[in-house]
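A structural walkthrough
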Amino acid sequence: MIVCVAIVGQQNNPLYIQSFTNGDDALKFHYIVHCSLDVIDEKVSNPKKLGLSLNETFFGLLYPTEDYKVFGYLSNTKIKFLLVTTDQDLRDADVRNFFRRFHSEYVDAASNPFHVPGKRITSPAFAERVSSIVSSFGTGPVP
């Protein structure tokens, strides 16, 4: 189950973060996302040491904890996408598909002429589309 998704800007500023739990876990998820950014920065700065190609955008599992697993994705414009989940057994193909769809929705939101690049995304329509992607995660292929 996905418990949080986040989009982080080029200067590690949060552009969008949404949790999907009933509790008041926002601060905990901000901390988990922030810790994951360190891992992304390390992978980006030392790609050869970690065996990554320079054009690889999917980082896979970044930061496992006792309760959560964090996956990461980096766009060509250095925008970071993070997924926090409680699932123990996830296929990389499912996670890659999620990030592809999540990135596509971000591009649509950022292409809005009223959106200021580098600022938080506050669009309720974007939040609804992200919630739709999260609710369909793991239920099979979606067109």
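Check the entry above for the structure.
All of these numbers come straight from a predicted model, not from anything done at the bench.

Some remarks on helix 1 (residues 26-45)
The end-to-end C-alpha distance of helix 1 is 29 Å, a good match for the 28 Å that 20 residues give at a rise of 1.5 Å each. Those residues of helix 1 not exposed but buried are F29, I32, V33, C35, S36, L37, V39, I40 and K43.

What about the nonpolar core?
In this structure, V5, I7, F98, F99 and F102 are the most contacted members of the largest nonpolar core, which totals 23 residues. Of all the secondary-structure elements, those providing two or more residues to this core are strand 1 (2-8), strand 2 (14-19), strand 4 (69-74), strand 5 (80-85), helix 3 (92-110) and helix 4 (124-135). Looking at this core element by element, the count peaks at six residues for helix 3. Formed by 17 residues, the second largest nonpolar core is a distinct cluster that contains A6, V8, F29 and V33.

A short note on the pairing of strand 1
Across the seven residues that make up strand 1, a large majority, seven, are buried. Where strand 1 meets strand 5, six bridges bridge the pair, whose relative direction is antiparallel. Its bridge partner being in strand 5, I2 is matched across the sheet by T85. Note that strand 1 and strand 2 share five bridges and pair antiparallel. Bridge pairing in strand 2 places I7 opposite Y16. Here strand 1 folds back onto strand 2 in antiparallel fashion, the turn holding five residues, of which N12 has a positive phi close to 60°.

A short note on the side chain of S75
Among the structural elements, S75 can be located in the loop between strand 4 and strand 5. Setting aside its immediate chain neighbours within four residues, S75 contacts F81 and H103.

Let's talk about the sheet that holds strand 4
Strand order in this open sheet of five strands is 2-1-5-4-3, and the pairing throughout is antiparallel. In the strand order of this sheet, the two ends are held by strand 2 and strand 3 (58-64), each with one partner. Within the sheet, the average angular offset between the axes of one strand and its neighbour, ignoring direction, is 15°. Packing against the sheet, helix 4 makes contact with strand 1 and strand 2, and its axis sits at approximately 50° to strand 2.

About the criteria used
Residues numbered from 1 in each chain as written. Predicted model: local features only at pLDDT ≥ 70, side-chain atom pairs only at ≥ 80, totals over all residues. Heavy atoms only, no water. Helix = DSSP H or I, 4+ residues; strand = E, 2+ residues; numbered from the N terminus. Expected span 1.5 Å × (residues − 1). Buried < 20%, exposed > 50% of the residue type's maximum accessible area, 1.4 Å probe, protein only. Core = buried A, V, L, I, M, F, W, Y, C linked by side-chain atoms within 4.5 Å. Pairing = 2+ DSSP bridges. Contact = heavy atoms within 4.5 Å. Axes fitted to C-alpha atoms, helices over the stretch in contact; angles between N-to-C directions.

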